Amino acid sequence: MSAAAARRLTPELEALLVCAQWVIDPAQTPRFRSALGRCASPQLLCRTAIAHGMIGHLRAALRTAPELQDTPLATTVAKVAASAARRGLRQSAVLLRLIDKLAGSGIEAMPIKGPAWAEALYGDVALRNWSDLDILVRYADVPRARAILLDEGFHDASSFNERFLAREHRGQGELHFASAKLVHLDLHWEVGVAYRGRGLPAQHFLARSVPRILLQRPILGPSAADLALLTCINGSRDRWNKIESLLALGVQIRDLPHDAWSDILAGAREVGCARRVVIGVTHVSRALGLDLPPAIAAAIAGDPVGRLLVCALSPDTLDTQSDDNGRREIADLLWKFATEDSLWRTLENLRVRLLHPGLGEWQVVELRPSLRWLYFALRPLRLTVKWSRRLLIG
């Protein structure tokens, strides 16, 4: 990210972006200290760091500045980071217990995102915070996995969970659960690479899995290539609006050999998300001052739409408070269409989004099997009402 672009960020976002650059390259320590001096208050900086998944990294970076120890800033950050670390450890223990229970029933499961990625990318669960846990299992194992989660104190966070199992339809790739202890969990059987109808099944990742470690316990994790692909898919889905998403990809750009990106890009083309990978790697390399891998540089040079989308990412997408919700949702929707690999995929995305019934229709009304064709008529009507309200309120 250019200096001019960075100056348009809030002081707190700028400090956290420089903190991410420090994680990549500790020589950024003087810039980090300078950026901290422009922040309005420790409390605002901590709130922003939590929102962007950076509170652990912020605490680690502050420890490199002896002159800031015992200051209100260091004390506040340490207190908030310690609380986030305790939450992370508790949820990591819950995740390991669930993985053990699933394994005991013969279910192969892979934790994705959350604490598993904290250890894989940074070597410490305290250096990443997350909103929920995510477990990937094969589609055939979903009913048994759900039963285990219910036995372990979770409950269905949506009535759609039971409806999905009764329908025996692959649905949207995940079910949502919550526990009385406010732990939220998503059970995935595929990772979507588009809005609906196209996803990578769990067996794709499980067949290529590698041994990884979580709290000194062995777990299954994605291969290096799959981890990079998943990071790009995850960051692109949210229009790269979190600094930790930039950092997660940044450490992989730093650490992976440049020639590895040719294979990652080839795999992305096979599943239809090459543009999202190219845009993500280009954007993150620019934002964090990394060398762009040659395969990615060649791909973005040949994609004028991709270059425009990279420019559109900087820097306002990090400032989630700058737009009203309606405008931001429209921007996110247009982003999903524009980042498809081809015009045909864009039109297919639009068709599915407009006409294919989803969770919203199930929540509005439950129809008998003989009347479910009405969902296709209900969806355009529901979307019209939804967007009319949001635009009028905005």
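Note that the structure is predicted; figures quoted are calculated from it, not measured. (Residues numbered from 1 in each chain as written. Predicted model: local features only at pLDDT ≥ 70, side-chain atom pairs only at ≥ 80, totals over all residues. Heavy atoms only, no water.)

**Q** Please clarify how the overall build of the protein should be interpreted in this entry.
**A** The number of helices and strands found in the protein is 20 helices and nine strands. Taken over 394 residues, the protein has a buried fraction of 51%. Relative to all contacts within the protein whose residues are 6 or more apart in sequence, the contacts with residues 24 or more apart total 65%. Surface summary for the protein: the accessible area is close to 18100 Å², and the carbon and sulfur share equals 57%. (Helix = DSSP H or I, 4+ residues; strand = E, 2+ residues; numbered from the N terminus. Buried < 20%, exposed > 50% of the residue type's maximum accessible area, 1.4 Å probe, protein only. Contact = heavy atoms within 4.5 Å. Areas by Shrake-Rupley, 256 points an atom, 1.4 Å probe, with all protein chains shown as cover.)

**Q** Looking at this structure, I do not really get helix α3 (residues 29–36). What am I missing?
**A** Structurally, the α-helix is built with 3.6 residues per turn, so residues lying three or four positions apart point the same way. Those residues of α3 not exposed but buried are T29, F32, A35 and L36. The buried residues of α3 occupy an angular sector of 125 degrees when the element is viewed end-on, so they sit on one face. Looking at the buried side of α3, the elements it contacts are α2 (11–24), α4 (42–51), α5 (55–62) and α6 (72–104). (Arc of directions from axis to C-beta.)

**Q** Explain the confidence of the model for the protein here, please?
**A** Close inspection of predicted coordinates is inappropriate for parts of the model with low pLDDT. Taken over all residues, the pLDDT of the protein has a mean of 87, while the share at 70 or more is 90%. pLDDT under 50 marks residues 1–7. Its contacts with residues more than four places away, or in other chains, come to 12 contacts. (pLDDT = per-residue confidence, 0-100.)

**Q** How do you make sense of the sheet that holds strand β5 (residues 184–188) when you look at a structure like this?
**A** Picture the strands of a sheet paired through backbone hydrogen bonds; they go either parallel or antiparallel. Spatial strand order, β1-β2-β5-β4-β3: five strands in an open sheet with mixed pairing. Both edges of this open sheet fall to β1 (110–112) and β3 (154–156), since each of them pairs with a single strand only. The sheet shows a mean angle of 35 degrees between the axes of neighbouring strands, direction not considered. Relative to β5, strand β4 (residues 174–179) runs antiparallel, the two sharing five bridges. Residue pairing for β5: E174 is matched across the bridge by H188. (Pairing = 2+ DSSP bridges. Axes fitted to C-alpha atoms, helices over the stretch in contact; angles between N-to-C directions.)

**Q** Could you clarify how one ought to interpret the nonpolar core in this entry?
**A** Grouped burial of nonpolar side chains is what soluble globular proteins tend to show. Counting residues in each nonpolar core, the largest one holds 108 residues, and the members touching the most others are L36, L58, I135, L185, L187 and W261. Residues contacting L36, with those up to four places away along its chain left out, are A15, L45, L58, L62, L68 and L73. (Core = buried A, V, L, I, M, F, W, Y, C linked by side-chain atoms within 4.5 Å.)

**Q** Help me out: how do you make sense of the packing of helix α13 (residues 260–271) against helix α14 (residues 274–288) in this one?
**A** Each packed pair of helices is defined by two parameters, the angle between the axes and the distance between the axes. With their axes 7 Å apart at the nearest point, α13 and α14 run at an angle of 145 degrees to one another. Note on element contacts: α14 touches α13 through A274, V277, V278 and V281, opposite W261, L265, A268 and R269. Looking at side-chain class alone, the contact of α13 with α14 contains seven nonpolar, no polar and one charged residues. (Nonpolar A, V, L, I, M, F, W, Y, C, P; charged D, E, K, R; others polar.)

**Q** Mind showing me how you'd approach the environment of G153 here?
**A** Relative to the elements of secondary structure, G153 occurs in the loop between α8 (142–151) and β3. For G153, a relative accessible area of 42% gives the class partly exposed. Taking the C-alpha atoms as reference, G153 lies 9.9 Å from F177; in sequence the two are 24 residues apart. If near-sequence neighbours (up to four positions away) are discounted, G153 is found in contact with A178, S179 and A180.

**Q** Where do I start with unusual backbone geometry in this structure?
**A** Of all residues except glycine, most have a negative phi; of all peptide bonds, most are trans. In this structure, Q216 is a non-glycine residue whose phi angle is positive, near 65 degrees. By the element assignment, Q216 lies in the loop between β8 (210–214) and β9 (217–221). Despite not being glycine, W240 has its phi angle at roughly 50 degrees, a positive value. Examined against the element boundaries, W240 turns out to sit in the loop between α11 (224–237) and α12 (243–255).

**Q** Honestly, the layout of surface pockets in this entry has me stumped. Any pointers?
**A** Of the voids in this model, the second largest pocket is the one considered here, and its volume is about 260 Å³. Along the wall of the second largest pocket there are 13 residues; nearest its centre are R90, V94, S179, K181 and V183. For the lining of the second largest pocket, the element with the most residues is α6, which contributes five residues. Class assignment for the residues of the lining of the second largest pocket results in five nonpolar, three polar and five charged. (1 Å grid on protein atoms, 1.4 Å probe; cavity = no way out; pocket = protein on both sides within 12 Å on 5 of 7 lines; lining within 4 Å. Points joined across faces, edges and corners; volume = space filled by probe spheres on them.)

**Q** Just checking my understanding: could you explain the packing of α4 against α6 for this structure?
**A** Interaxial distance between α4 and α6 falls to 9 Å at its minimum, and their mutual angle equals 30 degrees. The orientation of α4 relative to α6 falls into the category roughly parallel. As for the relative orientation of α4 and α6, their crossing is right-handed in sense. Facing α4, whose interface residues are P42, Q43, L45, C46 and I50, α6 presents P72, L73, T76, V77, V80 and A84. Of the residues in the contact of α4 with α6, the class split is nine nonpolar, two polar and no charged. (Parallel < 35°, antiparallel > 145°, perpendicular 65-115°, else oblique. Left-handed = near helix turned anticlockwise from the far one by under 90°.)

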